[in-house]
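# Working through the structure, step by step
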Number of protein chains: 2
Amino acid sequence: MTPPAPIRKPRADSQRNREKLLSVAKDAFAAQGPDVSLEEIARRTGVGIGTLYRHFPNRDAIIADVYRREVGQLAGAAAELLDSHPPLDALRAWMRLFVDYIGAKKIMASALNSLAGGTTELYAASGPLITNAIALLLDRCKADGAIRPDAEPMDLMMALVGVAYNTSAGPGWQAAALRVVDILIAGIKQMDSPQAAL
Amino acid sequence: MTPPAPIRKPRADSQRNREKLLSVAKDAFAAQGPDVSLEEIARRTGVGIGTLYRHFPNRDAIIADVYRREVGQLAGAAAELLDSHPPLDALRAWMRLFVDYIGAKKIMASALNSLAGGTTELYAASGPLITNAIALLLDRCKADGAIRPDAEPMDLMMALVGVAYNTSAGPGWQAAALRVVDILIAGIKQMDSPQAAL
DNA sequence: TGATAAACGGAGGGTTCCTCCGTATATAAA
DNA sequence: TTTATATACGGAGGAACCCTCCGTTTATCA
């Protein structure tokens, strides 16, 4: 099906530029939110605006690429936590991690948010990663009988995004975020399981 | 302190235009999100861009005004529900209402979200209304012993915004939203109260 | 009916988005 | 090495948008 492999090596300058653009964009987005001027990013990177647009056809594309890796790390943490903690603890720990992580980078929150808004491309890039991570955690918890069997990954995801987004709001947000995580945990516990009484 | 009351009646055309701008803006925001062109709004309204800017010094101002009333209605519903339902039921019903209501108008979600993001003016306009509504509901529930006494209004608010924002995402979002509401309700129930067993 | 404070409208300067295309260069073949 | 060319680069430029400024119009009040 694939036509004979392309003959040429990708040009080195191209790769370099792409890399550097992503790095600059990451900082810019983190510092100024998702509305930074793309021309600004190109300028700071030291390339022409045309170069930026050749690598990333539009703003969403660059956002998606920027935070694909980050989301990957977050998703990876789920498996690690499960290795070292009982399922329910792992779930709680991961949820806190999620809130911290996303809260620190608002772009990601608005990206995850836009799950709804039509910019599906963004979600398509990283949504499944997160969903799978949550699903993994939930499945283990269910296997343990620690949580109700009808809990859906997306349910938690939706709530967490909201919490993460409002993170860093005022003083006390951190405590608030932890409280919400605990409320969610309490809410999905299996009510008639032994642990529920805790 | 106030200087002698102004002598002139406000001009009729001014009020008319302001009203019409708000109405058009409301539809435009609902249909296209918070990034609609203000010139477009002025155009559709049939006034010059200058007129729009005289009435609303910037985009945030117009958003704030547009959704101030809506939020007011939502807040009012809390009291009504409390009149006709037991506290916990009222709370659940109101939360569902919140999700539906905000979900239908993305602007409001992103406005509420921006609670965090620095655009505090937006939140200042309507945030307290919502917070008070939730506080009222929670207080009644606490008085009944139906929920844990440490539940904070903002906690629920944060989670709800996330759910609302992702509302209308894919098929099944509605069911998902209801599930999350129930998870939250379960999470804030007073565990050792009589109702908890339900 | 006039005077005038108030409101209107839109031109215009600045910024950003994204496209297009002539120029430069890294790669591969000679 | 040299040459040919596919590939990438850079930035000018048209369109849309933001918001300001100010000359013109008009609703109010005497």
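Just so it is clear, the structure is predicted and the values come from calculations on it, not from any experiment.

## Focus: the overall build of chain A
Within chain A one finds 9 helices and 0 strands. Order of helices (α) and strands (β) in chain A, N terminus to C terminus: α-α-α-α-α-α-α-α-α. Within chain A, buried positions represent 47% of all 198 residues. Long-range pairs, those at least 24 residues apart, make up 70% of the contacts in chain A between residues at least 6 apart in sequence. Taken as a whole, chain A presents about 9,700 Å² of accessible surface, with 54% of it coming from carbon and sulfur.

## Let's talk about the protein's contact with DNA strand D
Taken together, 27 residues sit near DNA strand D, with R11(A), N17(A), G50(A), R54(A) and Y53(B) positioned nearest. Sugar plus phosphate: this is where 61% of the atoms of DNA strand D within 4 Å of the protein reside. A distance of 2.9 Å is found between a phosphate oxygen of DNA strand D and a side-chain nitrogen or oxygen belonging to R59(B). Of all the secondary-structure elements, those providing two or more residues to the surface near DNA strand D are α1 (12–32) and α3 (49–55) of chain A together with α1 (12–32), α2 (38–45) and α3 (49–55) of chain B. In terms of residue count, α3(A) provides more of the surface near DNA strand D than any other element does, 5 residues in total.

## With respect to empty space enclosed by the protein
The final tally for this structure, using the stated rule, is 1 cavity of 30 Å³ or more. Put simply, the largest cavity is a space of about 40 Å³. Along its surface, the largest cavity is lined by R179(A), I183(A), R148(B), D150(B), A151(B), D155(B) and I188(B). Of the residues in the lining of the largest cavity, the class split is 3 nonpolar, no polar and 4 charged.

## Some words on the protein's contact with DNA strand C
Contacts to DNA strand C come from 26 residues, most closely from Y53(A), R11(B), N17(B), G50(B) and R54(B). Expressed as a percentage, the sugar and phosphate content of the atoms of DNA strand C within 4 Å of the protein is 58%. Between S37(A) and DNA strand C, the recorded distance is 3.3 Å, taken from a side-chain N or O atom to a phosphate oxygen. Measuring from a phosphate oxygen of DNA strand C, one finds a side-chain N or O atom of N17(B) at 2.4 Å. Elements with a contribution of two residues or more to the surface near DNA strand C: α1, α2 (38–45) and α3 of chain A together with α1 and α3 of chain B.

## As for the confidence of the model for chain A
All names here are of chain A. For chain A, the mean per-residue pLDDT works out to 83, and 80% of the residues sit at or above 70. Per-element confidence in chain A is highest for α3, whose mean pLDDT is 98, and lowest for helix α6 (residues 106–113), whose mean pLDDT is 60. pLDDT under 50 marks residues 1–5. Its contacts with residues more than four places away, or in other chains, come to 0 contacts. Note on residues 114–119: pLDDT is under 50 here. Beyond four places in sequence and across chains, it has 13 contacts.

## Brief notes about the packing of α1(B) against α2(B)
All names here are of chain B. Packing of α1 against α2 brings their axes to within 9 Å, and their N-to-C directions diverge by 130°. By the angle between their directions, the pair α1 and α2 is classed as oblique. Crossing geometry of α1 relative to α2 is assigned as right-handed. Where α1 abuts α2, its residues K20, L21, V24, A25, A28, F29 and Q32 lie against I41, A42, R44 and T45. Of the residues in the contact of α1 with α2, the class split is 7 nonpolar, 2 polar and 2 charged.

## Details of the nonpolar core
Proteins that are soluble and globular tend to have nonpolar side chains buried together. The biggest cluster of nonpolar side chains holds 118 residues, and the ones touching the most others in it are L91(A), W94(A), L91(B) and W94(B). Residue contacts for L91(B): discarding those within four places in its chain leaves L137(B), L138(B), C141(B), L156(B), I185(B) and I188(B).

## Points about the packing of aromatic side chains
Residue and element names in this part refer to chain B. This model, assessed by the stated rule, comprises 2 aromatic pairs over all chains. Considering the side-chain rings of W94 and F98, the 5.5 Å spacing of their centres and the 45° angle between planes classify their relative orientation as tilted. Of this pair, W94 and F98 are both found in helix α5 (residues 87–104), 4 residues apart, which corresponds to roughly one turn of the helix. Under the relative-accessibility criterion, W94 is labelled buried at 1%. In this structure F98 comes out as buried when scored by relative accessible area, which is 0%.

## Description of the pattern of salt bridges
Residue and element names in this part refer to chain B. Overall, the coordinates contain 20 salt bridges over all chains when judged by the stated rule. A salt bridge links E40 to R43; the nearest nitrogen and oxygen atoms lie 3.2 Å apart. Taken together, the positions of E40 and R43, both in helix α2 and 3 residues apart, correspond to about one turn of that helix. A residue is classified by how much of its surface remains accessible, and E40, at 25% relative accessible area, is partly exposed.

Reading the values: the criteria
Residues numbered from 1 in each chain as written. Chains lettered and ligands numbered in written order. Predicted model: local features only at pLDDT ≥ 70, side-chain atom pairs only at ≥ 80, totals over all residues. Heavy atoms only, no water. Helix = DSSP H or I, 4+ residues; strand = E, 2+ residues; numbered from the N terminus. Buried < 20%, exposed > 50% of the residue type's maximum accessible area, 1.4 Å probe, protein only. Contact = heavy atoms within 4.5 Å. Areas by Shrake-Rupley, 256 points an atom, 1.4 Å probe, with all protein chains shown as cover. Near = heavy atom within 4 Å. Polar contact = N/O pair within 3.5 Å; in protein donor to acceptor, adjacent residues only side chain to side chain. 1 Å grid on protein atoms, 1.4 Å probe; cavity = no way out; pocket = protein on both sides within 12 Å on 5 of 7 lines; lining within 4 Å. Points joined across faces, edges and corners; volume = space filled by probe spheres on them. Nonpolar A, V, L, I, M, F, W, Y, C, P; charged D, E, K, R; others polar. pLDDT = per-residue confidence, 0-100. Axes fitted to C-alpha atoms, helices over the stretch in contact; angles between N-to-C directions. Parallel < 35°, antiparallel > 145°, perpendicular 65-115°, else oblique. Left-handed = near helix turned anticlockwise from the far one by under 90°. Core = buried A, V, L, I, M, F, W, Y, C linked by side-chain atoms within 4.5 Å. Phe/Tyr/Trp six-rings, centres within 6.5 Å; stacked < 30°, edge-to-face > 60°. Salt bridge = Lys/Arg side-chain N within 4 Å of Asp/Glu carboxyl O.

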